Amino acid sequence: MEFETVIGLEIHVELSTDSKMFCSCSAGFGGEPNTKTCPVCLGHPGSLPVPNRRAVNDTILLALALNCDITGCSIFHRKNYFYPDMPKNFQISQYDIPISSGGTLEIDMGEYTRTVGITRVHLEEDTGKSVHVGESGRIHGAEYSLEDFNRAGIPLAEIVSEPDLRTPDEARKFMQLLHSTIRYLEISDCKMEEGSLRCDANISVAVDGSMGTKVEIKNMNSFRAMHRALTYEEQRQRRTIRDGGEVVQETRHWDDARGTTSPLRSKEEAFDYRYFPEPDLVPLEPDEAWVRELREGLPELPGDRVRRFVSEYGLSREIAETLTGERALADYFEDAAGKGQDPVAVAKWIAGDLGALLNDAAVTIQSCPVGTGGLSELVELIDGGVISGKMAKDVLKEAFETGNSPRLIVEEKGLTQIADESELDTLVDEVIEENPGAADDMRDGKEQALKFLMGQVMKKTRGKANPKAASDIIRKRLT
Amino acid sequence: MDIINLDALAIAESIREGEISAVDATTAFLERIREVEAIVNAYINVSYEEAARRAEMIDAMLAEGRDPGPLAGVPIAVKDLLSTRGFTTTCGSRMLENFVPVYDATVVGRVGEAGMVMLGKANMDEFAMGSSTETSYFGPTRNPWNPDTVPGGSSGGSAAAVSAGEAPWALGSDTGGSIRQPAAMCGIVGMKPTYGLVSRYGLVAFASSLDQVGPMARNVGDCAALLGVIAGHDPMDSTSIPAEKVDYQGRLDGEVRGLKVGVVKEISSRGIDEGVLERFRAAVSKLEGLGMEVGEISLPSFEYALSAYYVIAPAEASSNLARFDGVRYGFRASAEGEDIWEMYDRTRSIGFGSEVKRRIILGTYVLSAGYYDAYYGQARKVRTLIVKEFERAFRTYDVLVSPTTPSVAFRLGEKVDDPLTMYLSDMCTIPVNLAGIPAISLPCGLSEGMPVGFQLMGPALGEATVLNVAYALESELGFDQRPPIGRS
């Protein structure tokens, strides 16, 4: 039997507009429960929705970034089902005529690239948030439930992919690229932990080229969880088929702690949403000039930027992907690389040590104490042999902590490397004299002795000796 | 002065001229309410204290030379599905028996800004579903012309209040005839405006694509004036038309010579009582006498209007009424140990009356997977045909006419257990809602001692013409009879 995994994703993105989708309440995250509410988002009798222009704008922007066609006249529909976090017991969403459709997103897997179809990007409203109190933690069997409607009515862009993904790795890569693309557009925080980016997956396993049964997976709250859930489900379905069983069409819940999926509801229990056109809203008809303006204003997107970083700066794909993950980080790199130093070295320092410092201190690149000039200076000091790579790590750390320029730190601390041969000669002589045993070993050709002797030189100079120059002298003396 | 028999505009003028105070006007109507409510039951809640306080405030403003609005001190009844901040809004349902809204409907705000005083919330069929006001949880309203008969519905409370002198005018709402049909049965004037002319913000939705708030009054002049107050764009309602304000009342001149009138064949023949037809034909010849050209027009899709309406309206209603679930506000029925699904079931089983549940079930069914195309999809096509037929008719005619109802007011309990017969009483009015056009009903005489309504329809945003023809016909008919209720 030959298996092929088929994955399609459904992603929800909370747009970071000032106000909600259909009323003027704040769309900000959190706050005291039920303080960001009004008759409209609480579904009070007689209240009516009025669409948020900014949310429409941002959804069109996202659709354009995913190469979608914008629909001239799209329709809002009502999706009807009862749930206590939905004040009207229907959600205003889009159905057969969404705001956009027919896009693509290309992912680079290293050995190959894959063009993933985007079925549609549409606009809808978020629900409130429920806390089910009781052992189950779900609504079934809850002792009671608490509802917070601050989130109800926040604009949600829904992205539906074609079932073009073939592995959990591809799915993760797709999500990462989508995440950075959305961040580039500055239309959402995209925080999975706060729920501003959510992902459900449909996964099936085709056997010898014939389509498998689709299972929907919910509750994957991080890229890691998604990858684990899909890997688990892929294996579960393959095992079921191999054991002669049949995969059941159903919705399954990912349990991150147990690392398994379990049935949530079967096909028979699926809701009949009774979609029909929302009579309280008129069709959405964005004028062409608006769409054109948005299209022309699109920034360079992460996928394109990775390709350019590789070709223009000679970076590896991995490091280019790291740097382009955030628009500000990529901008920082380009600015630093433009100051004349080797871009590969600049990239390495940003992606490596600087990245770690930012991460540890939970500081964003926008408020990084080391400016692009400082970073370029650091690379210049290393390249010029003024400081060693090892010293540079400390210098960068200090620059990060104090905000002083690397050059100033090097000068003030007298950190300049000892590369002067006569000075090093004297030092090496002293070390050989103090460690006759090691010197003998070295003469006998034992390379490990070199390490020891170098250590002694470094100890004497408190690490300031130029390592290459010092080891050259030792070799010259002892071989 | 016999205040309760004055027209609304006459009351406004008397207050402006200082002949009577706002308190005098309000007091007179509140007294009339106390006198006849035991029989009529036109109101669900009367705002005795609030109305008195507001009238005093208006008098104080007038005394200080401040302007409380062009219709300062004129009392008004408001159908109980218009949201009133701080004052119970029940929609005639147990579900909202104690529901106090936190905001005013846009139209409630507008009548307030004009200086009017709300007397109370008028009775209605539950959630506007009915044609007799018998489905109200708060008991039926009785027709002031004969308390054994219904006032029509669903705005039966508003119509009866105006007819019985319990309010000079009222706000109603019309989804399939709910203003025009009770206006006809109670012998008053009622208008359903063009869809989108009057804001629906704060009108508790029955069928969103059909609902429209409108004026109900004793004569065409008052009706035009009240429409002028409530009409106009509202940014809170996406379906509201951004049209210029029109002074409808100022444009009434009765000059209708040369206008073309089309008698709608399909709704002026079959199933109409002879007495109603007689009065209708007499009124049509009055129009001829006014120099209008009368012709007959056939609108074949009308045959399907009632069927289409009873798919579209329940479909929207089933979704609109989903929010009444006992979770956030309103009635909740639950027992110890029940889960939320059981709570939903019990709340909605007990909180809604049978007509409402009938329509929710019907609407849920026609939207269900596998049935949508056969019912809802098909009904929308019929609706499009009706829109087109009207458009074509208005290329030839300035106004179309028909009886408002197939019969005069029927007896209480006569049709309440026979929904299909009840639905037929809206057969003349429903096509207008499906087409979204304006129409007015005005009294054109009595049959068997009960009022007969004459319906005038116009093209979208043709209110001024419709009102003017109604105004001319009203003068020509000279119908000035009042119901006998409360008269010794």
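All values derive from a computational prediction rather than experimental measurement. (Residues numbered from 1 in each chain as written. Chains lettered and ligands numbered in written order. Predicted model: local features only at pLDDT ≥ 70, side-chain atom pairs only at ≥ 80, totals over all residues. Heavy atoms only, no water.)

### As for the overall build of chain A
Helix and strand content of chain A: 15 helices and 14 strands. Dimensions of chain A along its principal axes, counting C-alpha atoms only, are 90 × 55 × 45 Å. The buried share among the 479 residues of chain A stands at 51%. By sequence separation, contacts in chain A at least 24 residues apart represent 70% of the contacts at least 6 residues apart. Accessible area for chain A stands at about 22000 Å²; split by element, carbon and sulfur atoms hold 47% of it. (Helix = DSSP H or I, 4+ residues; strand = E, 2+ residues; numbered from the N terminus. Buried < 20%, exposed > 50% of the residue type's maximum accessible area, 1.4 Å probe, protein only. Contact = heavy atoms within 4.5 Å. Areas by Shrake-Rupley, 256 points an atom, 1.4 Å probe, with all protein chains shown as cover.)

### Examining the overall build of chain B
Within chain B, the secondary structure is distributed over 15 helices and eleven strands. Relative to its length of 488 residues, chain B is compact, with a C-alpha radius of gyration of 21 Å against a globular reference of 23 Å. The dimensions of chain B, computed from C-alpha atoms along their principal axes, are 65 × 55 × 45 Å. Considering only contacts within chain B whose residues lie at least 6 apart along the sequence, 75% involve residues at least 24 apart. Treating the 43 positive side-chain charges of chain B as one cloud and the 62 negative ones as another, the clouds have centres 4 Å apart. (Rg over C-alpha atoms; globule rule 2.2 N^0.38 Å. Lys, Arg positive; Asp, Glu negative; His and termini not counted. Charge placed at Lys NZ, Arg CZ, Asp CG, Glu CD.)

### With respect to the domain arrangement of chain A
Residues and elements named next belong to chain A. Here chain A is described as being made up of domain 1 (3-293), domain 2 (300-413) and domain 3 (421-478). Here the C-alpha centre of domain 2 lies 36 Å away from the C-alpha centre of domain 1. Facing 14 residues of domain 1, the contacting portion of domain 2 comprises 13 residues. Across the domain 1/domain 2 interface, buried area totals approximately 1100 Å², and carbon plus sulfur atoms make up 51% of it. Its largest share of buried area at the contact with domain 2, domain 1 owes to Asp108, Arg183 and Tyr184, together 52% of the area lost on that side. (Domains from an automatic or database assignment. Buried area = accessible area lost by both parts, 1.4 Å probe.)

### Details of unusual backbone geometry
Cis geometry is adopted by the peptide bond preceding Ser154(B), which originates at Gly153(B) and carries an omega value of 10°. Positionally, Ser154(B) belongs in the loop between β3 (117-122) and α5 (156-163). Phi at Asn219(A) is positive, roughly 70°, even though this residue is not glycine. Structurally, the position occupied by Asn219(A) is in strand β11 (residues 215-220). Backbone geometry places Glu448(B), a non-glycine residue, at a positive phi of 55°. Along the chain, Glu448(B) falls in the loop between β10 (439-447) and β11 (450-457). When its relative accessible area of 69% is taken as the criterion, Glu448(B) is described as exposed.

### Structural notes on the sheet that holds strand β14 (residues 276-277) of chain A
Whenever strands of a sheet pair, they do so through backbone hydrogen bonds, lying parallel or antiparallel. Pairing in this open sheet of three strands is antiparallel, and the strands run β4-β3-β14 (chain A) from one edge to the other. Of all the strands in the sheet, just β4 (90-94) and β14 of chain A have a single pairing partner and so form its edges. Across five bridges, the pairing between strand β3 (residues 76-80) of chain A and β4(A) is antiparallel. Residue Phe76(A) lies in a different strand from β4(A), and its bridge partner there is Gln94(A). Helix-sheet contacts for helix α9 (residues 305-320) of chain B involve β3, β4 and β14 of chain A, and the interaxial angle to β3(A) is about 65°. (Pairing = 2+ DSSP bridges. Axes fitted to C-alpha atoms, helices over the stretch in contact; angles between N-to-C directions.)

### Thoughts on the packing of helix α5 (residues 302-313) of chain A against helix α7 (residues 327-337) of chain A
Residue and element names in this part refer to chain A. Contact geometry of α5 with α7 gives a least axis separation of 12 Å together with a crossing angle of 15°. The angle between α5 and α7 places the two elements in the roughly parallel class. Between α5 and α7 the crossing geometry is left-handed. Along the contact surface, α5 presents Arg305, Arg308, Phe309 and Tyr313, while α7 presents Arg327, Ala330, Asp331, Phe333, Glu334 and Ala337. When its residues are assigned to classes, the contact of α5 with α7 shows five nonpolar, no polar and five charged. (Parallel < 35°, antiparallel > 145°, perpendicular 65-115°, else oblique. Left-handed = near helix turned anticlockwise from the far one by under 90°. Nonpolar A, V, L, I, M, F, W, Y, C, P; charged D, E, K, R; others polar.)

### Considerations on the side chain of Asp426(B)
All names here are of chain B. Structurally, Asp426 is set in the loop between α13 (419-424) and α14 (430-435). Buried Asp426, no salt bridge; nearest opposite-charge side chain is Arg359, N-O distance 6.3 Å. Within the structure, Asp426 has its side chain in polar contact with the side chain of Ser131 (distance 2.8 Å). If we ignore the near neighbours within four places in the chain, the residues touching Asp426 are Ser131, Gly176, Gln181 and Tyr310. (Salt bridge = Lys/Arg side-chain N within 4 Å of Asp/Glu carboxyl O. Polar contact = N/O pair within 3.5 Å; in protein donor to acceptor, adjacent residues only side chain to side chain.)

### Examining the packing of helix α14 (residues 448-460) of chain A against helix α15 (residues 467-478) of chain A
Residues and elements named next belong to chain A. Between α14 and α15, whose axes approach to 10 Å, the crossing angle comes to 125°. As summarised for this structure, α14 and α15 are arranged oblique, according to the angle between their axes. α15 is crossed by α14, and the crossing has right-handed handedness. Along the contact surface, α14 presents Leu450, Leu453, Met454, Val457 and Met458, while α15 presents Pro467, Ala470, Ser471, Ile474, Arg475 and Leu478. Looking at the contact of α14 with α15 residue by residue, the classes come out as nine nonpolar, one polar and one charged.

### Concerning the environment of Glu216(A)
All names here are of chain A. Structurally, the position occupied by Glu216 is in strand β11. You can call Glu216 buried: its relative accessible area is 19%. Expressed as a C-alpha distance, the spacing of Glu216 and Thr251, which sit 35 residues apart in the sequence, is 4.6 Å. If we ignore the near neighbours within four places in the chain, the residues touching Glu216 are Asp200, Ala201, Asn202, Glu250, Thr251 and Arg252.

### Structural notes on the pairing of strand β5 (residues 189-192) of chain B
Residue and element names in this part refer to chain B. Side chains Val189 and Met191 project from β5 onto one buried face, and the interleaved Gly190 and Lys192 project onto a second face that is buried too. The pairing of β5 with strand β6 (residues 212-217) spans two bridges and is classified as antiparallel. Looking at β6, one finds that Gly190 is bridged to Met216. Where β5 and β10 come together, three bridges link them in antiparallel fashion. In the sheet register, Gly190 faces β10, and the bridge partner there is Ser441.

### Quick look at the packing of aromatic side chains
Residues and elements named next belong to chain A. For the coordinates displayed, the defined rule picks out 31 aromatic pairs over all chains. Grouped by ring-pair contacts, the aromatic residues Tyr81, Tyr95, Phe271, Tyr273 and Tyr275 constitute a single cluster. Sitting over the ring of Tyr273, Lys79 keeps its end group 4.5 Å from the ring centre. (Phe/Tyr/Trp six-rings, centres within 6.5 Å; stacked < 30°, edge-to-face > 60°. Lys NZ or Arg CZ within 6 Å of the ring centre and 35° of its normal.)

### Examining the pairing of strand β9 (residues 399-403) of chain B
Residues and elements named next belong to chain B. Most of β9 is tucked away, with five of its five residues classed as buried. Sheet topology places strand β7 (residues 260-264) next to β9; three bridges connect them, and they run parallel. Opposite Gly262, over in β9, you have Leu400 as the bridge partner. Here β9 runs beside β11; their pairing, made up of four bridges, is antiparallel. For Val401, the partnering residue across the bridge sits in β11 and is Leu456.

### Notes on the pattern of salt bridges
All names here are of chain A. Counted under the stated rule, the structure contains 52 salt bridges over all chains. The shortest N-O distance in the salt bridge between Glu318 and Arg317 comes to 3.6 Å. The network of salt bridges with shared partners includes Glu300, Arg305, Arg308, Glu312, Asp331 and Glu334.

### As for the sheet that holds strand β5 (residues 100-108) of chain A
Residue and element names in this part refer to chain A. Pairing in this open sheet of nine strands is mixed, and the strands run β2-β5-β6-β9-β1-β10-β11-β12-β13 from one edge to the other. In this open sheet, the two strands that pair with only one neighbour each are β2 (69-70) and β13 (260-266). In this structure, β5 lies alongside strand β6 (residues 113-125), joined through eight bridges in antiparallel fashion. Note that in β6 the partner of Gly103 across the bridge is Ile118.

### Some words on the nonpolar core
By size, the foremost hydrophobic cluster in this structure holds 164 residues, and its most contacted members are Phe127(B) and Phe454(B). Among the elements that line this core, the one with the most residues is α9(B), at nine residues. Leaving out residues up to four positions away in the same chain, Phe127(B) has contacts with Cys91(B), Ser93(B), Met95(B), Leu96(B), Val204(B), Phe206(B), Leu321(B), Phe324(B), Phe352(B) and Val356(B). The next biggest cluster of nonpolar side chains, apart from the first, holds 110 residues, and it includes Val13(A), Val121(A), Met175(A) and Phe309(A). (Core = buried A, V, L, I, M, F, W, Y, C linked by side-chain atoms within 4.5 Å.)

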